[in-house]
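These are the residues of each chain, in order.
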Amino acid sequence: MVIGATGQIGRATVGALARDGWQVTAVSRGGDRDETWPKDVRTARADRDDDAALAAAVGDGCDVLVDMVAYGREHARQLTGLADRVGSAVVISTLSVYEDDKGRGFDTQTEPDGFPVYPVPIPESLRTVRPGDDTYSNRKAALERELLASADRLPTTLLRAGAVHGPYCRTPRELYVVKRNLDGRRRRILSFGGTSRFHPASVHNIAELIRLAAARPGSRVLNACDPEAPTVAEICAAIDAVMGVETESVLVDGPPPAPTVGDTPWTVPAPVVCDMSAAERELGYRPVVRFAESLPETVASIEAQLDGRDWREAYPKMFEAYGDLFDYAAEDAWSAT
C-alpha cells in the first residue's frame, strides 16, 4: 500500500512496485489513478490525517506500507498502531534532519552565520536535530525517532531524500531556470560563484530505493539522492541544453549581492552532498537515472503547468516557499551598477 500515491514521488513509486510484481493499492485523498500505472493497480480514497479512513484502507493488512507524507510523532504513532496488520514500512524523510558539529541545521540558516557546514559527503551516522513540533526538520526527526524506537513492532526503512526533482512537483526548483528561459532572459546572476551544491534526488531513483527496501524489510536509515551532486551552474547549463538556449552566467563571489538577486532554490553557502554508499551496500542500490537524463520530462511538466498562467498561480507553494524568484527589475538594477 502506497500512501500519497498521486504525489510527486508516489506516482513513480506505484509504477515501479507494480512493474516489479507487487499487488499495489494506491491511496490518496481523491482516490485518483495515474495514466502511466499498470491496469491492475487498485486505488483507495483516504485522508492521511484520518485514522479511521487510513485503517480502513489498510483493511486486513499489507506486506509493505509505503508512506510519502508521514510527518511528526502523530503520524509515526498512527503507523505503529497498524503494526499488527503491516509487515514492514518504507517512509520518506529528509536530509534536513541533519545538523553540524555546532548544532546548526537547515532551520537555523536565517540566523547570522547560521547555515550548517556538513562533512562531504554526509553519512547517515551524522547527528540529527532534536525531535520537536515547531519546525519541518524537527518534526521529521520526531517521526524518525518514534519509528526507530518501534523497530521490533514495525521494521521501517527511512529514506532521507535530497532536493527532489521530477514531474508533478508543486515546488520545482527547475522553475527558476525554465521560466527565465521562456521569458527570454539570457543573463542570470549566480552567487557563490555558481558553485553551490544541494544534492538532488530524482523521483525515479527514490522509487528504486523504495522498490529495493520493500523486498528487504528492516529497520534502517538511508540517504536517498542521485549519483551526482552538480553545482548550480551545471544544473542551469543542463536545463539550457534541454531547452536549446544559450545563457550567460554572471558569477558573483560570496552571498547574493542584493535581495532576490543571485539566490536560486539550490543556493547554499556550504555544500550539501550525501553519501550513498550505505544504500549501495545494504540494498544493492544502483541509480536508474542521472540528473541530466531526467530533465526533459521535468522541463516539459513545468512548461505545461505554466502555459498561459502566472507562475504564482501555477505554483503557489513555490511562491510561499521562496518568495519572488523573478524580480527582474532588481536584477537589472544591480547589473547596471
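Residues numbered from 1 in each chain as written. Predicted model: local features only at pLDDT ≥ 70, side-chain atom pairs only at ≥ 80, totals over all residues. Heavy atoms only, no water.

Quick notes on the overall build of the protein
A count of helices and strands for the protein gives twelve helices and eleven strands. Taken over the C-alpha trace, the protein has a radius of gyration of 20 Å; the compact-globule value for 337 residues is 20 Å, and the two agree within 12%. Taken along its principal axes, the extent of the C-alpha atoms in the protein is 65 × 45 × 35 Å. Taken across its 337 residues, the protein has 54% of its residues classed as buried. Considering only contacts within the protein whose residues lie at least 6 apart along the sequence, 77% involve residues at least 24 apart. Total accessible area computed for the protein in this model is approximately 14700 Å², and 47% of it derives from carbon and sulfur atoms. Computing the positive centroid from 38 side-chain charges and the negative centroid from 51, the protein places the two 3 Å apart. (Helix = DSSP H or I, 4+ residues; strand = E, 2+ residues; numbered from the N terminus. Rg over C-alpha atoms; globule rule 2.2 N^0.38 Å. Buried < 20%, exposed > 50% of the residue type's maximum accessible area, 1.4 Å probe, protein only. Contact = heavy atoms within 4.5 Å. Areas by Shrake-Rupley, 256 points an atom, 1.4 Å probe, with all protein chains shown as cover. Lys, Arg positive; Asp, Glu negative; His and termini not counted. Charge placed at Lys NZ, Arg CZ, Asp CG, Glu CD.)

Considerations on the environment of R173
Here R173 is to be found in the loop between β7 (163-165) and α5 (175-182). Each C-alpha atom, one on R173 and one on A300, is 14 Å from the other, the two residues being 127 residues apart in sequence.

Let's talk about the packing of helix α3 (residues 73-80) against helix α4 (residues 136-149)
Where α3 meets α4, the axes come as close as 7 Å, and the angle between the chain directions of the two elements is 25°. Viewed along their axes, α3 and α4 adopt a mutual orientation that is roughly parallel. Considering the relative orientation of α3 and α4, their crossing is right-handed. Along the contact surface, α3 presents R73, E74, A76, R77, L79 and T80, while α4 presents R139, A142, L143, E146 and L147. Per-class residue counts for the contact of α3 with α4 are five nonpolar, one polar and five charged. (Axes fitted to C-alpha atoms, helices over the stretch in contact; angles between N-to-C directions. Parallel < 35°, antiparallel > 145°, perpendicular 65-115°, else oblique. Left-handed = near helix turned anticlockwise from the far one by under 90°. Nonpolar A, V, L, I, M, F, W, Y, C, P; charged D, E, K, R; others polar.)

Here's the deal with unusual backbone geometry
A negative phi angle is the norm for most residues apart from glycine, just as the trans form is the norm for most peptide bonds. With omega at 0°, the peptide bond leading from V120 into P121 counts as cis. Within the secondary structure, P121 is located in the loop between β5 (86-94) and α4. Here T260, not a glycine, exhibits a phi torsion of approximately 65°, which is positive. With respect to the helices and strands, T260 occurs in the loop between β11 (248-251) and α8 (277-283).

Observations regarding the nonpolar core
Counting 74 residues, the largest nonpolar core has I206, I210, I239 and V272 as its most contacted members. No other element matches the eight residues that helix α6 (residues 203-215) contributes to this core. With sequence-adjacent residues up to four places away left out, I206 is seen in contact with I9, I92, A161, V164, A201 and A224. Grouped together as the second largest cluster of nonpolar side chains are 23 residues, I3, A76, V91 and L147 included. (Core = buried A, V, L, I, M, F, W, Y, C linked by side-chain atoms within 4.5 Å.)

With respect to the packing of aromatic side chains
Taken as a whole and judged by the stated rule, the model has eight aromatic pairs. Aromatic pair Y71 and Y136: ring centres 5.6 Å apart, planes at 35°, arrangement tilted. Taken together, the positions of Y71 in the loop between β4 (62-67) and α3 and Y136 in helix α4 put the pair 65 residues apart, joining distant regions of the chain. On the basis of relative accessible area, Y71 is assigned to the partly exposed category, the value being 24%. Judged by centre distance (5.0 Å) and plane angle (80°), the rings of W311 and F326 are edge-to-face. A residue pair is termed long-range when its members are at least 10 positions apart, and W311 in helix α10 (residues 311-314) and F326 in the loop between α11 (316-322) and α12 (328-336) qualify at 15 residues. (Phe/Tyr/Trp six-rings, centres within 6.5 Å; stacked < 30°, edge-to-face > 60°.)

Some thoughts on the side chain of E174
Tracing the chain through its elements places E174 in the loop between β7 and α5. For the buried E174, which has no salt bridge, the nearest side chain bearing the opposite charge is R173, at an N-O separation of 6.8 Å. Excluding residues that lie within four positions of it along the chain, E174 makes contacts with H165, I239, W266, F291, L295, T298 and I302. (Salt bridge = Lys/Arg side-chain N within 4 Å of Asp/Glu carboxyl O.)

Focus: the packing of α5 against helix α9 (residues 291-306)
Two elements in contact, α5 and α9, have axes whose closest approach is 10 Å; the angle formed by their N-to-C orientations is 60°. In terms of orientation, α5 and α9 fall into the oblique class. Note that α5 runs across α9; the crossing there is right-handed. When α5 is examined against α9, the residues L175, V178, K179 and L182 are found in contact with a partner set consisting of V299, I302, E303 and L306. Residue composition of the contact of α5 with α9, by class: six nonpolar, no polar and two charged.

Section: the pattern of salt bridges
Side chains carrying opposite charge are able to pair once their charged atoms draw close together. In total, this model carries 21 salt bridges according to the counting rule given. Measuring nitrogen to oxygen at the nearest pair gives 3.0 Å for the salt bridge that ties R312 to D310. Judged by its relative accessible area of 40%, R312 is partly exposed. With relative accessibility at 35%, the residue D310 sits in the partly exposed group. Each of R180, R185, E331 and D332 takes part in a single network of salt bridges with overlapping partners.

Re the sheet that holds β5
Strand order in the open sheet formed by seven strands is β3-β2-β1-β4-β5-β6-β10, and the pairing between neighbours is parallel. Each of the sheet's edge strands pairs with one partner strand only, and the pair in question is β3 (42-45) and β10 (220-224). Direction of pairing for β4 relative to β5: parallel, over a ladder of five bridges. Counterpart to V66 in the pairing with β5 is V90. Of the strands in this sheet, β4, β5, β6 (156-161) and β10 are in contact with α6, which crosses β5 at around 155°. (Pairing = 2+ DSSP bridges.)

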